[in-house]
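Residues per chain, in single letters:
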Amino acid sequence: MANNEMSKILEPDEKSKALELQDNLRADKYPLKEYNNIGKRGVRRIDGYEKASGYAEYTIDVQLPGMLHMRFFTSPYPHAEIKSMDTSKAEALPGVRAVLRYDDPELPRLANLGGHFDSEAPVLPKVAHFQGEEVGAVVAADSEEIAEEALTLIDVEWEERPFILDPEEALQPGAPLVNPEEFPDGNLEKKTVEEHGDMEKGFAEADKVIEFKCRRTHNTWIGPERPCGVFRWNGEYPEVWVKQQRPYVAKRVVASWFGGIPMNKIQIHCPYQGASFGGWSQLEWNMGGHYCAAVVAKRVGRPVKWKFNRREDFYGGEMDEGVYYFEVGAKNDGTITAVRAKSVMANQQYPFGPITHFADNTRIPNLYGERLQARVSKGPTTAVRCEQNPNTLPFSLVFGRVAAELGLDPIEVALKNDGCEGEDMAWLDGYKAAMGFPVRDSLRECVEKGKAAIDWDNKWHASGMKKLPNGNMHGMAFTWTHEWDDSAGSSEMAIRIERNDGTASILSCRADCGLNAETAYCQVAADELGMRIEDVFYRQQNDPGFFTMSPDSSTNMSVNGFAIRNAARILKRKILEAATAPKAMSQRGSYAPAFPGMKPEDLDIKDSVIYVKANPSNRMTLAEFVGPSGPAGPMAVYEFGEGAERTAFTPPLFAHGWQVQMGSYKEHHRPRPRLCRQAYFIEIEVDTETGDVEVKNVVTVNDVGKVVNWEGCEGQQYGGAYMGIGRALSEEVIHDPMTGVMLNGNLLNYKFATMLDIESIDTELVETGLGYGPYGVIGIGEDVGTVTPGLLIPAIHNATGKWVDELPATPERVLRALGRA
Amino acid sequence: MSKEGSTALEYAKVAAPVTEAPVRFTVNGEVHELWVKSRWTLQYVLHDKLGLIGAKAFCDRGECGACSVIMDGRPILSCMTLAIECDGKNIETVEGIAKARHPLIEAYVKNSCMQCGFCTPGFVVTAKALLDRNPNATEEEIKEALAGNLCRCGTYPQHPKAVLEAAKKLQGG
């Protein structure tokens with residue numbers, strides 16, 4: 001059978017299966033029967049040596065011949081307008097090559113400058129809405145030093161305007177406007193309400209009603225690599241090095257500039273990325289530096305690198321800053337009957353209200369959540385590992401309060417209320433069975449593992465009851481939630497088998513933020529193709545033009561995994577088909593098949609060797625099969641008549657796979673019940689004299705459905721635990737209330753966790769197969785760092801019997817809760 | 001903003017006018033001779049002038065350890081060291097440690113001590129300096145030595161494992 005006839009039969013088969021899998025409510029219908037590399041421990045990291053040895057190049061390391069260095073002017077005031085600006089002294093400084101101003105005729109009034117969605121924003125704003133904002137001017141010079149010096153020579157006449165830092169203050173009647181340009185009618189940007197059930201009935205059924213309040217202060221991402229980028233014009237064509245989690249989106253943004261640049265003329269590089277956990281890449285103005293660099297690079301005819309300093313990386317933050325109010329009704333047995341919550345949020349970017357997680361994964365029938373989104377004079381916020389912080393914090397606080405106030409074990413309270421969209425576990429089990437999932441109780445499995453790991457049954461106690469010999473109070477807490485990876489998005493990836501040695505290259509560009517995802521995609525491709533892991537390689541830094549999801553929209557493997565798997569399955573069919581078809585055709589005829597007389601289904605591939613299933617000794621390595629390309633190019637040996645030896649040149653072995661997958665956001669799609677649960681345990685000591693909280697042990701139990709890369713999953717667990725503990729105990733951006741100036745934009749005074757801040761972490765993975773991704777996977781990256789902060793308030797209560805009402809729980813706030821400050 | 005002394009740079013200009021001087025130092029066994037400005041940090045010279053990009057500027061002011069290099073046997077922060085003061089010094093960077101096939105590198109890869117990897121070279125350098133002076137370092141001593149290196153991805157629990165493994169290997173284990 002000729003190649004193309006075979007492909008008509010085989011290829012659509014895989015494609016139709018792929019399309020069928022886009023039914024987003026079902027379990028993976030076509031998992032592998034056997035896993036060799038998927039889920040195997042000790043697979044060598046692709047990026048390991050480069051990163052350990054210092055050779056890994058990040059965007060901020062890029063240096064090009066003749067490159068200029070560009071720095072932004074920033075606002076000294078939290079809210080002020082530039083009335084006039086004199087840049088003549090800066091322009092006259094030797095070594096300064098360009099000063100771009102807000103009133104430059106080359107700058108459009110608005111441009112698409114990136115963000116989670118496309119945005120329209122001024123490239124160089126004239127009005128600053130937070131202290132430190134990049135406004136007014138940018139200087140490009142021969143060195144960063146000269147650019148910095150030139151910035152000090154810019155004279156600005158400012159008109160200072162009133163500012164407000166607190167979201168509740170911003171909503172007071174008569175409060176001055178903090179952003180009259182965008183929100184001329186008031187500082188309330190948006191109000192949203194979510195409501196389910198009958199609140200009156202819910203509270204009437206309760207044995208106890210608990211009311212409380214909590215505040216979360218401003219915290220941020222801290223990208224080890226600061227925001228930066230390099231822009232070069234190769235004649236008419238842009239070449240861009242981005243520090244961006246979504247390189248494809250960056251390319252699309254560049255394509256919208258200067259009247260439109262065709263996508264195929266833009267070259268994007270995404271070198272290694274010093275993580276920003278969503279953060280910077282999701283903000284509206286994040287391509288502003290590139291826009292200025294593009295204008296300057298064109299004007300000067302040299303490549304331009306722009307970069308922020310450390311303080312400027314404190315540009316904005318996570319979107320959970322605000323004040324949260326709760327009223328909770330519960331029965332004495334721990335059944336929660338109603339939750340009413342209100343959150344007053346500062347600059348919150350996305351509309352995640354305080355009760356979303358109660359709807360997502362509990363049977364609580366009566367819920368009311370009101371969210372007021374206020375504007376304040378601080379930087380913008382976005383999903384910083386991640387947008388669910390404003391949901392998980394209320395969730396942990398409510399469950400912690402209910403258990404403590406009713407004197408119940410918090411684990412029992414969780415299990416009693418587990419469910420989905422107001423439905424109980426019996427309903428959820430029915431759903432699992434109907435959709436082809438295993439009927440397993442994810443939360444119970446997580447809880448059992450975690451309890452054993454932390455010795456819960458022996459160590460947990462009622463609040464304020466356990467004083468240790470060293471004088472400290474001992475506390476424990478538990479919290480839980482679902483994994484919210486939406487397994488949603490569009491992604492395409494390709495695989496090519498290399499000539500000469502038959503190795504496989506994965507093609508697609510995405511940001512490496514350290515998740516070890518590239519190795520994981522190789523594991524999937526290796527198992528699907530039947531290849532050895534060392535024969536599959538993926539370097540994600542250069543753009544072949546495919547739209548691949550990066551760490552993006554809370555989804556990685558659960559969509560990209562399908563894309564790479566689909567590509568691998570199509571490619572494997574192609575290989576087997578080529579192995580049984582005439583090897584190559586040319587003007588002089590065709591060549592015998594590698595496996596004459598066989599059909600593709602008679603063959604299989606294992607350990608990079610093609611073999612006959614009925615007779616495994618009849619085999620040929622992939623390298624032998626694809627053969628040498630020939631010293632003077634493919635076909636040369638044959639075409640130039642150097643004897644009768646025929647080249648083993650096969651047809652190109654390349655396949656492209658993709659996945660389009662709908663998510664579970666209820667407003668837009670069919671609801672997709674969350675099936676995988678996560679459980680978190682903590683053991684602390686509180687020094688009641690100093691207010692110091694010592695974290696002795698964190699146990700993080702995550703049902704990831706199916707593990708693809710163990711070390712990658714565990715990395716997200718302990719890494720998330722450290723980020724979570726920092727957020728809970730010390731991470732806080734502090735602004736001076738008198739001037740609105742950020743006071744601690746550095747790593748000494750903004751304190752995230754160090755090696756010594758957690759004594760011990762136990763990482764436990766659960767594999768129920770309940771994820772919507774390939775092989776039953778679901779994500780893990782966002783959950784741990786987001787949920788663990790909420791553990792600390794119930795833990796401190798368990799230790800001391802007192803409620804801290806503000807995060808981070810600094811020693812001062814702990815002492816205040818204890819009535820000692 | 002006031003015109004004078006309003007930034008660190010302005011202050012530095014008043015306090016110490018920019019001069020330039022030749023320095024000669026050894027980096028990873030190679031002798032370098034170059035003219036440096038008095039304000040240039042060693043991190044800047046290594047990273048931007050010599051292309052040794054493993055010395056990373058994470059905080060840029062002595063708060064994180066990412067720019068660590070070994071100078072005359074001691075780990076130092078290259079962002080807090082002026083290049084002009086390094087005349088005659090012997091400097092070892094992470095690239096040199098890798099080139100010498102120090103077992104720390106492979107132990108770091110095996111234990112997945114990196115995520116985004118931006119801070120990883122600083123950890124490797126600090127750990128190498130520790131093992132140079134204390135080949136039998138205990139887990140506690142390793143933690144203490146590495147406590148000043150910040151990692152935002154939270155790879156912390158893996159480092160002591162890797163350093164202990166490398167120490168064992170160095171002793172023929």
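Everything numeric in this text was worked out from a predicted model, so none of it was measured.

## So, the overall build of chain B
1) Next: Per the secondary structure count, chain B includes 7 helices and 5 strands.
2) Next: For chain B, the sequential pattern of α-helices and β-strands runs α-β-β-α-β-β-β-α-α-α-α-α.
3) Next: Here the C-alpha atoms of chain B give a radius of gyration of 17 Å, agreeing with the 16 Å that 2.2 N^0.38 yields for 173 residues.
4) Next: Projected onto the principal axes, the alpha-carbon positions of chain B cover approximately 60 × 40 × 25 Å.
5) Next: In chain B, once contacts between residues fewer than 6 apart in sequence are set aside, the share between residues at least 24 apart is 60%.

## Overview of the overall build of chain A
1) Next: If you tally the helices and strands in chain A, you get 22 helices and 31 strands.
2) Next: A globule of 821 residues ought to have a C-alpha radius of gyration of about 28 Å, and chain A, at 29 Å, matches this closely.
3) Next: If one aligns the C-alpha atoms of chain A with their principal axes, the spans along those axes are about 95 × 75 × 50 Å.
4) Next: Taking the contacts inside chain A whose residues are at least 6 apart along the sequence as the reference set, 79% of them involve residues at least 24 apart.

## A word on the sheet that holds strand S28 (residues 677–687) of chain A
Residues and elements named next belong to chain A.
1) Next: Strand order in the open sheet formed by 4 strands is S18-S28-S29-S30, and the pairing between neighbours is mixed. Unpaired on one side and paired on the other, strand S18 (473–482) and strand S30 (761–766) mark the two borders of the sheet. Sheet twist, expressed as the mean angle between neighbouring strand axes with direction ignored, is 15°.
2) Next: Where strand S29 (residues 692–703) and S30 come together, 6 bridges link them in parallel fashion. Pairing of Thr 700 across the sheet is with Thr 763, part of S30.

## Observations concerning the nonpolar core
All names here are of chain A.
1) Next: If you look at the biggest cluster of nonpolar residues, it comprises 289 residues, and the most contacted ones within it are Met 70, Val 139, Cys 292 and Ala 525.
2) Next: Ranked by residues supplied to this core, first place goes to helix H16 (residues 557–580) with 13 residues.
3) Next: Those residues within four positions of Ala 525 in sequence are excluded, and the remaining contacts are Ile 495, Ala 504, Ile 506, Val 536, Ile 564 and Ala 568.

## A look at the pairing of strand S25 (residues 609–612) of chain A
Residues and elements named next belong to chain A.
1) Next: For strand S24 (residues 603–606) and S25, the ladder comprises 4 bridges, and the chain directions are antiparallel. Of the residues in S25, the one forming a bridge with Asp 604 is Tyr 611.
2) Next: Counted along the chain from S24 to the antiparallel partner S25, the turn is 2 residues long, and its residue Asp 607 has a positive phi close to 50°.
3) Next: Summarising the sheet, S25 and strand S26 (residues 615–621) pair through 4 bridges and their orientation is antiparallel.

## Quick notes on the domain arrangement of chain B
Residue and element names in this part refer to chain B.
1) Next: Partitioning chain B into domains gives domain 1 (8–96) and domain 2 (99–170).
2) Next: If you average the C-alpha positions of domain 1 and of domain 2, the two centres end up 22 Å apart.
3) Next: Taken residue by residue, the interface counts 17 residues in domain 1 and 15 residues in domain 2.
4) Next: Contributing elements (two or more residues each) for the side of domain 1 that touches domain 2: strand S3 (68–71), strand S4 (74–77) and helix H3 (94–99).

Conventions adopted
Residues numbered from 1 in each chain as written. Chains lettered and ligands numbered in written order. Predicted model: local features only at pLDDT ≥ 70, side-chain atom pairs only at ≥ 80, totals over all residues. Helix = DSSP H or I, 4+ residues; strand = E, 2+ residues; numbered from the N terminus. Rg over C-alpha atoms; globule rule 2.2 N^0.38 Å. Contact = placed C-beta atoms within 7 Å. Pairing = 2+ DSSP bridges. Axes fitted to C-alpha atoms, helices over the stretch in contact; angles between N-to-C directions. Core = buried A, V, L, I, M, F, W, Y, C linked by C-beta atoms within 7 Å. Buried ≥ 20, exposed ≤ 12 C-beta atoms within 10 Å, placed from the backbone. Domains from an automatic or database assignment.

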